[in-house]
Amino acid sequence: MSLANIFEEYPERRYIMFGGKGGLGKTTFSAATAYHLAKSGHRVLVFSVDPQASLSDIFERDIFGKGPVEIVPNLFAQEIDADQHIRAYQDEIRQKILDMYGMEEVPEEIESYIQAAAAEPAMEESAIFDQVVDIVVAAEYDYYIYDLVPLGHALYYLSMASVYDEWIDKITDLREEMEEYSKVASLIQRDKELEEDMILQELLDIKYRINTSSSILTDKEKTAFFFVIIPEEMALIDTLKAADLFAKYDVPLSGYVVNRVIPPGLAQQNIPEYLRNRLKMQEGHLARIDELFGEQVLAQIPEFERDVTGLPMIEKMAEAMFGSITEPTTAPSKSVEGANP
Amino acid sequence: MIKRIEAMIEKSVRALREVIYGMTVYDWVHELEKARNEQERLFTLIIFGDLLGVPILPPYHMLRLVPYLVPSFESWRRSMLRERDFTDLIDQEIG
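An account of the accompanying structure is given in this report. (Residues numbered from 1 in each chain as written. Chains lettered and ligands numbered in written order. Predicted model: local features only at pLDDT ≥ 70, side-chain atom pairs only at ≥ 80, totals over all residues. Heavy atoms only, no water.)

Structural notes on the sheet that holds strand β1 (residues 15–19) of chain A
Residues and elements named next belong to chain A. Within the open sheet, the eight strands sit side by side as β3-β4-β2-β5-β1-β6-β7-β8. Their pairing is mixed. What marks the edges here is a single partner per strand, and that holds for β3 (69–72) and β8 (297–302). Between one strand and the next, the sheet's axes are offset by a mean angle of 25 degrees, whatever the strand orientation. Its contacts with the sheet put helix α8 (residues 198–217) on β1, β5 (143–147) and β6 (223–229), and the angle it makes with β1 is roughly 70 degrees. Across the sheet, helix α11 (residues 311–322) is in contact with β1, β3, β7 (253–261) and β8; its angle to β8 comes to roughly 140 degrees. (Pairing = 2+ DSSP bridges. Helix = DSSP H or I, 4+ residues; strand = E, 2+ residues; numbered from the N terminus. Axes fitted to C-alpha atoms, helices over the stretch in contact; angles between N-to-C directions. Contact = heavy atoms within 4.5 Å.)

The structure is reproduced here in C-alpha cells:
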C-alpha cells in the first residue's frame, strides 16, 4: 500500500494530518500533500494550528494571520494568528457587556478577569482549535490538511477537550436543573413568563464547538492521520509511545511515513567512513521499523540535498511521496511508486 | 357606588389570595428560589473560580458567559467571601 493508494481508496477521508515529534517534517509533508492534491484537481486548504507555525517559511510567503492565501490554483494556505484571534474575542466580550447593560465601561473586576483569562496557558490552543471549527464548518474545501502541533500539544488538546466536555455536561445539567426550579416556582406562583435562559443556549453552543473540533481528530471515516518517523532510535521510541497514547484517544491511524532516509545506493560509491556508519545504523533502524510497523509504512522519503522550501522543492517532495502526479481528467490509476530511494 | 364595592371586593379577593398563598405554597416557592440561588452560586464559582483562586475550567469558552453574569457578580463575590456561622442555620439568606 502506498500513500497515493490510501488517498485513492478512501476519498472520503478529507481531514489529513501528519503527526510526530517536532522537526521531523510534518510541515513539509503537509505542504507537499496539499500540493499533490491541488495538482490532482482538488480544492485544498492546508492550515497551521501551531502557534510557532512554519507554513510561511516553506511557501516562502508571509501568510501569517492573513486568512486563506492561494499559493497555486486550488491550493490555499492559512496560518492562524492566535493572539489576534484572542484579542478580537476579548473585544467582542467587552462590547457585549457594554451593549447588554448600556454601560460606559466594563466594571473593573470584570475587566481584570477578561485580561487575566487571556494569559492562561490553554488559551492559545483553545483559540486555534475554536477557529478551526469555523474553517471546517464553512466546508469550502475538498481537503483540509492540518499542519499539526507537535504530538504533546495535540494530545494535550484532546485530553483537554474530553475533560472540558465532561465539565460542560455537568454545568449544562446544573443549568437545566436551575431552570427546572424556576419553572416550578413560577408555575406555583402562576405568573411570570420565563425568559429563555441565554446561558444554557451558550453552553450548548460551546459544547457543540468543542465536540466538532475534537471529533474531527477522532473521526475514523473522514480523518487520515499519518505518523512521521525517521530512522533513528529516539524517534522510534517516542513514536511507539505516542501511537499508544493516540490509540487511547481513538485517533485513527492511517499509516507511517519514514522521512530522512539516506539513499542506501550511496554505499556503492566512494564515501567517507562517517557516512558509511550512518548508513549501517540506518539499515538497522529501517529493519526495526519494518518489524514494528510492516505494512503500515506507506512511503520512505529520501533525505534531500537541500532544505525543502519553495515550490520547486515542494513539488519534488510531492513526487517522492506520491509518485508523479496523474492528470485529474484520467481515471484514477495505480500510481507509480516513486517513493523508494 | 357599585364601582367602589367592586373595587373593594377585588381588593379583598386579592388580599385573601395572598394570605392563602402565604399560608400554603409560599414556603415551597421560597425553598425553590433558595435552591436555585444556591446553584447559581455554584455555577458562578465554576466559571469565575479563578477570581477566588479556584481555577476549575479553562477560561476560553467560559469568557462567553461572562456578560450574562455581570449583574450577579458583586453579590456573588460577597456571598462567597462573607463569614459563615451558626446563625446561617436560621432561614435568612443574603444574596
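Description of the pairing of strand β4 (residues 75–79) of chain A
All names here are of chain A. By the criterion of burial, β4 is predominantly enclosed, with five of the five residues buried. Alternating positions in β4 separate into two faces, Leu75, Ala77 and Glu79 on one and Phe76 and Gln78 on the other, with burial throughout. Strand direction decides the pairing type here: strand β2 (residues 44–48) and β4, joined by five bridges, are parallel. Bridge assignment links Leu45 to a residue of β4, and that residue is Phe76. Two strands pair when backbone bridges link them, and β3 and β4 are joined in this way by three bridges, in the antiparallel orientation. (Buried < 20%, exposed > 50% of the residue type's maximum accessible area, 1.4 Å probe, protein only.)

Quick look at the pattern of salt bridges
Inspection of the entire model under this criterion finds 19 salt bridges over all chains. In this structure, the salt-bridge partner of A:Arg260 is A:Glu303, at a minimum N-O distance of 4.0 Å. With A:Arg260 in strand β7 and A:Glu303 in the loop between β8 and α11, this residue pair connects regions lying 43 residues apart in the sequence. Among the salt bridges present, the one from A:Arg288 reaches A:Glu291, with a minimum N-O distance of 3.3 Å. Highlighted residues: A:Arg288 and A:Glu291, both in helix α10 (residues 273–293), separated by three residues, approximately one helical turn. The exposed category is assigned to A:Glu291, whose relative accessible area is 61%. By sharing partners, the salt bridges in this structure join A:Lys96, A:Glu202, A:Asp205 and B:Arg64 into a single network. (Salt bridge = Lys/Arg side-chain N within 4 Å of Asp/Glu carboxyl O.)

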